Amino acid sequence: MKHVTTLLLILTMLAYETKGQCKEAPSSFEIAHSRAKWVYRGDALPSFATVPKPGERSVWLFHRPPRIETVPEQVSVSYKGKLIAISNITLRVCETAGSPVYYIPYTDINEKYLTLVPNKCSYCEWKGRASYFRVNVSGDDLGDIAFSYEYPNSGYTPIAGHVGFYAGVLECKVGSEIVTPQPGGVYAGWTTSDLVGPIKGTPGVVDEKYCNC
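From a predicted model like this one, the values you see are computed outputs, not experimental measurements.

**Q** Before we go on, may I ask you to explain the overall build of the protein in this structure?
**A** A tally of regular secondary structure across the protein gives three helices and 15 strands. Of all 213 residues assigned to the protein, the portion counted as buried reaches 47%. Put simply, 57% of the contacts in the protein that link residues at least 6 apart link residues at least 24 apart. When the accessible surface of the protein is summed, it comes to about 10500 Å², and 55% of that surface belongs to carbon and sulfur atoms.

Listed below in structure tokens is the structure:
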């Protein structure tokens, strides 16, 4: 799904990034603290975690720092039959305890549905600063449910030029499977049937139990 105007979207975003219209970035001390606080880092299955069967993956064996994987299946995002994105070269970021977050290249996104949101961003201690897009399809304003790391931290540069989507109201597919949103309503992870947890965001599975917060 390649569009000539994709370049315009990228240039608009880059122009926005240079304006610095965002809250102050965390200090190096705050970033180091955020990285160090986690108890579980994917090196062993905790006693409370479900033991994966053949063909299953435990989110507690995903690593921290998170790792980037290529997705072998076709990935698509749609809303009420309108195709927003479809790609055979999607990436996903897997981090301990959470469902993977999928990142689709700009060139495989119908950018007419996305509008950059001024003055909104967030920071990940691993990936860096994220900017947000509002998604509007056929007059339905779906909110700020897409995001991108245009200048990711070292180790995460492959996801530059990609967009992640919160599943929520969208129909997001990995292969032929329609994913479910990561529990909790906060995270952008996509949960597929091969994952076992408990997954972060499920009632009782909160950061305070698994980190030195």
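**Q** Can you help me understand the sheet that holds strand E11 (residues 171-174) in this one?
**A** Backbone-to-backbone hydrogen bonds join strands into a sheet, with any given pair of strands oriented parallel or antiparallel. With respect to topology, four strands assemble into an open sheet ordered E4-E3-E11-E12, the strand pairing being antiparallel. Both edges of this open sheet fall to strand E4 (82-87) and strand E12 (177-178), since each of them pairs with a single strand only. Relative to E12, E11 runs antiparallel, the two sharing two bridges. Opposite Lys-173, over in E12, you have Ile-178 as the bridge partner.

**Q** Just to check I follow, could you spell out the environment of Lys-80 for this structure?
**A** With respect to the secondary-structure elements, Lys-80 resides in the loop between strand E3 (75-79) and E4. Once the C-alpha coordinates of Lys-80 and Glu-171 are considered, the two residues, 91 residues apart in sequence, prove to be 8.1 Å apart. Looking at Lys-80, its side chain comes within polar contact range of the side chain of Tyr-79, at 3.5 Å.

**Q** In this structure, what is going on with the confidence of the model for the protein? I would like to understand it.
**A** Caution is warranted with low-pLDDT regions, since their predicted coordinates should not be read in detail. Chain-level statistics for the protein give a pLDDT mean of 88 and a share of 85% at 70 or above. Below pLDDT 50 for its whole length, residues 14-20 participates in 14 contacts with residues either more than four positions away or in separate chains.

**Q** What should I look at first to understand the sheet that holds strand E7 (residues 114-124) in this one?
**A** With antiparallel pairing, the seven strands of this open sheet are ordered in space as E2-E5-E6-E10-E9-E8-E7. Since the sheet does not close on itself, it has two edges, and those belong to strand E2 (67-70) and E7, each with one partner. With direction set aside, neighbouring strand axes in the sheet form an average angle of 35°. Pairing of E7 with strand E8 (residues 128-137) involves seven bridges; the strand directions are antiparallel. Note on E8: the bridge partner recorded for Ser-122 is Ala-130.

**Q** Please explain the pattern of salt bridges as it appears in this structure.
**A** Pairing between side chains of opposite charge can happen when the charged atoms of each approach one another. Evaluation of the coordinates by the stated rule reveals seven salt bridges. Asp-140 serves as the salt-bridge partner of Lys-80, at 3.1 Å between the closest nitrogen and oxygen. With Lys-80 in the loop between E3 and E4 and Asp-140 in strand E9 (residues 140-148), the pair connects residues that are 60 residues apart, well separated along the chain. Owing to a relative accessible area of 27%, Asp-140 belongs among the partly exposed residues under this scheme. When the shortest N-O distance is used, the salt bridge between Asp-144 and Lys-120 registers 3.2 Å. In this pair, Asp-144 is assigned in strand E9 and Lys-120 in strand E7, connecting sequence segments 24 residues apart. Assessed through its relative accessible area of 31%, Lys-120 is described here as partly exposed.

Thresholds, definitions, all that
Residues numbered from 1 in each chain as written. Predicted model: local features only at pLDDT ≥ 70, side-chain atom pairs only at ≥ 80, totals over all residues. Heavy atoms only, no water. Helix = DSSP H or I, 4+ residues; strand = E, 2+ residues; numbered from the N terminus. Buried < 20%, exposed > 50% of the residue type's maximum accessible area, 1.4 Å probe, protein only. Contact = heavy atoms within 4.5 Å. Areas by Shrake-Rupley, 256 points an atom, 1.4 Å probe, with all protein chains shown as cover. Pairing = 2+ DSSP bridges. Polar contact = N/O pair within 3.5 Å; in protein donor to acceptor, adjacent residues only side chain to side chain. pLDDT = per-residue confidence, 0-100. Axes fitted to C-alpha atoms, helices over the stretch in contact; angles between N-to-C directions. Salt bridge = Lys/Arg side-chain N within 4 Å of Asp/Glu carboxyl O.

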